[in-house]
Amino acid sequence: MIPFHRPSIGEAEIEAAVAVLRSGWLTSGPKVIEFEQAFADAIGVEHAVAVNSATAALHLALEALGVGPGDEVILPTYTFTACGEVVAHLGAKIVLADVGEDYLMGPRQVLSVATKRTKAVIAVHFAGLAANVPAISGLGYAVIEDAAHALPAMLGDEKVGSLGNAAAFSFYATKTMTTGGEGGMLTTDDALIADRVRMMRLHGLSAGAWDRYGAGNKWAYSVEEAGYKDNLTDLAAAIGIVQLRRLGEMAAARRRIAARYDEGLKGVVDLPPRRPGHSWHLYIIGTDRRDTVMGNLTMAGIGASVHVIPLHLHPYYQRLGYAKGDFPNAERLSRRSISLPIWPDMSDAQVDEVIAAVRG
Ligand SMILES: *Cc1c(COP(=O)(O)O)cnc(C)c1O
C-alpha cells in the first residue's frame, strides 16, 4: 500500500508538541509569536499572521480589503471551493475565470471577466507553480495570493507570499508542511491589512489573551468589531516551527520524487507543466486513458486523486448560474488529470512502483 499522502512528522515535532502540553499555555501565545516571526523571515515579508486555516486567511484578507455586497471577486474555476465560499460569506459576487494550459489563471483570463465592480482577484498558485501575480496587479486590481500549494515556491527571483497585497498559506494535513492537521498563515507587507486581520481573527478584540494574561500585561480590552474565531493554537504553532525549519529538506525530497517521475513517465503520459521555483505540492499527469490508469493504481494499492473538479461543475456554483461548457480549458485539464503520490518520505522503490502501475 502506498498512500496518496503521508505527513512527514518526526520526533522533533512530537517533542515540541509535548513541551507545549506540559507548559501550561495551550492557545495563542509565545509559540504563535515565534512561528509568525520565523514565517515572515522565511517569506521575506513584514507581517505574518497565524490563523487556523488558509480559508480563514483568504476570508480575513478579503475582509481587510473591504470586500462586501456589490463587489465582485475574480477567481479561477480551477481551484478548491475555499476560494469561492469566502467571497460568498462576505456578501460579494463570485466571478469565475478559465485557466491556461499550466492550470493557472493569468491576466488574459482575468480581463475576460473583469467589470467595473471588480474589487479583488484571488490568484491561485496551482500544484506549486506560481501564478503571474505582478501581471494581474499591473491591471490595477488588489490581489490575494492563494499559496496553499506553494510553500516554498518562487516566481522568478521572488518568493510566493510576497507578490500580492496579501497571501494565504495552508498547514492542512496534506500540504507541504503541517501544524498538526489544521492551520494557516496570512502574509503581507501592508500594516493596515496585518493589523485588521490580527484583530478580526480573534473576536474583534483590541488585545488577545496572551497580551492580557502574560506577566506584566494589562487585563483591559475592548471589542472593536464583530470579529471571528480564527486564531491558531500554541500547540499547532510549536509543530509549525519545527516543520518550517525542515521546509528546505522536505522541498528537496519532493523535487527528487518529481524528477524520478519525469524520468519514468516521459513519453507515457503528459508530464506536469513546470518552471523553476515549483514547490511540487502536487504531481499531476495528463492522460486520455485516465480511467484505465486510475484502475491500475487502485489495483496496485496506490492512492491517487484528481485535482480538481472545476468549481463551475459543482451544484452550488451552478445555482449561481454557471454551467458545463463555460470553461473548456479547465474541463479538459480536469478530465485528463491524475495526481500521483508525492510526499517527502517516499522511497525510490515506492516511486518506481507508482511508475510501473501508471505504465500498466
Ligand atoms: C487546501 C486549500 C485551501 C484551504 O486550505 P485550508 O487550510 O484547509 O483552509 C485553499 N486553497 C487551495 C488551493 C487549497 O488546496
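The coordinates are above.
Caption draft 1: Structural view of the packing of helix H3 (residues 54-64) against helix H4 (residues 82-89). Remark: H3 packs on H4, axes separated minimally by 9 Å, with the N-to-C direction vectors making an angle of 40 degrees. By the angle between their directions, the pair H3 and H4 is classed as oblique. Considering only the axes of H3 and H4, their crossing is right-handed. Contacts between H3 and H4 involve Thr55, Leu58, His59 and Leu62 from the former and Ala82, Cys83, Glu85, Val86, Val87 and His89 from the latter.

Caption draft 2: Representation of the site of the ligand within the structure. The full set close to the ligand counts 13 residues, and Thr55, Asp146, His149, Ser170 and Lys175 are the nearest of them. Here an oxygen atom of the ligand and a backbone polar atom of Ala54 are 2.9 Å apart. Between His149 and the ligand, the recorded distance is 2.7 Å, taken from a side-chain N or O atom to an oxygen atom. Considering the ligand on its own, with 380 Å² of exposed area, one finds that the protein chains cover 91% of that surface. Here the ligand occupies the largest pocket. Residue composition of the shell around the ligand, grouped by class: five nonpolar, six polar and two charged.

Caption draft 3: Representation of the nonpolar core within the structure. Counting 87 residues, the largest nonpolar core has Phe35, Phe39, Leu62, Val87, Ile122, Phe126 and Phe169 as its most contacted members. Look past the residues within four positions of Phe39 in its chain and what remains in contact with it is Ala48, Leu151, Phe169, Phe171, Met185, Thr187 and Leu244. Grouped together as the second largest cluster of nonpolar side chains are 23 residues, Tyr261, Ile285, Leu297 and Ile342 included.

Caption draft 4: Expanded view of the packing of helix H2 (residues 30-43) against helix H9 (residues 234-245). Between H2 and H9, the least distance of the axes is 8 Å, while the angle of their chain directions is 30 degrees. Note on packing geometry: the crossing formed by H2 with H9 is left-handed. Facing H2, whose interface residues are Pro30, Lys31, Val32, Glu34, Phe35, Ala38, Phe39 and Ala42, H9 presents Asp234, Ala237, Ala238, Gly240, Ile241 and Leu244. For the contact of H2 with H9, a count of residues per class yields 10 nonpolar, one polar and three charged.

Caption draft 5: Main features of the sheet that holds strand S8 (residues 166-170). Taken in spatial order, the seven strands of this open sheet run S1-S9-S8-S5-S4-S2-S3, and their pairing is mixed. In this open sheet, the two strands that pair with only one neighbour each are strand S1 (47-51) and strand S3 (93-97). Mean inter-strand twist for the sheet, computed between neighbouring axes without regard to direction, equals 20 degrees. Sheet topology places strand S4 (residues 118-124) next to strand S5 (residues 142-146); five bridges connect them, and they run parallel. When the bridges of S5 are listed, Ala120 appears paired with Ala142. Here H2 sits on the sheet and contacts S1, S8 and strand S9 (184-188); the angle it forms with S1, its principal contact strand, is near 135 degrees.

Caption draft 6: Focus on the packing of aromatic side chains. By the definition in use, this model includes 11 aromatic pairs. The interplanar angle of 70 degrees and the centroid separation of 5.3 Å between the aromatic rings of Tyr78 and Tyr103 together place this pair among those described as edge-to-face. Residue Tyr78 is found in the loop between strand S2 (72-76) and H4, and its partner Tyr103 is found in the loop between S3 and helix H5 (107-113); the two are separated by 25 residues along the sequence. What links up through ring pairs into an aromatic cluster is the set Phe35, Phe39, Phe169 and Phe171.

What counts, and at which threshold
- Residues numbered from 1 in each chain as written.
- Predicted model: local features only at pLDDT ≥ 70, side-chain atom pairs only at ≥ 80, totals over all residues.
- Heavy atoms only, no water.
- Axes fitted to C-alpha atoms, helices over the stretch in contact; angles between N-to-C directions.
- Helix = DSSP H or I, 4+ residues; strand = E, 2+ residues; numbered from the N terminus.
- Parallel < 35°, antiparallel > 145°, perpendicular 65-115°, else oblique.
- Left-handed = near helix turned anticlockwise from the far one by under 90°.
- Contact = heavy atoms within 4.5 Å.
- Near = heavy atom within 4 Å.
- Polar contact = N/O pair within 3.5 Å; in protein donor to acceptor, adjacent residues only side chain to side chain.
- Areas by Shrake-Rupley, 256 points an atom, 1.4 Å probe, with all protein chains shown as cover.
- 1 Å grid on protein atoms, 1.4 Å probe; cavity = no way out; pocket = protein on both sides within 12 Å on 5 of 7 lines; lining within 4 Å.
- Sits in = over half its atoms within 2 Å of the grid points.
- Nonpolar A, V, L, I, M, F, W, Y, C, P; charged D, E, K, R; others polar.
- Core = buried A, V, L, I, M, F, W, Y, C linked by side-chain atoms within 4.5 Å.
- Buried < 20%, exposed > 50% of the residue type's maximum accessible area, 1.4 Å probe, protein only.
- Pairing = 2+ DSSP bridges.
- Phe/Tyr/Trp six-rings, centres within 6.5 Å; stacked < 30°, edge-to-face > 60°.

Structural measurements only, silent on function.
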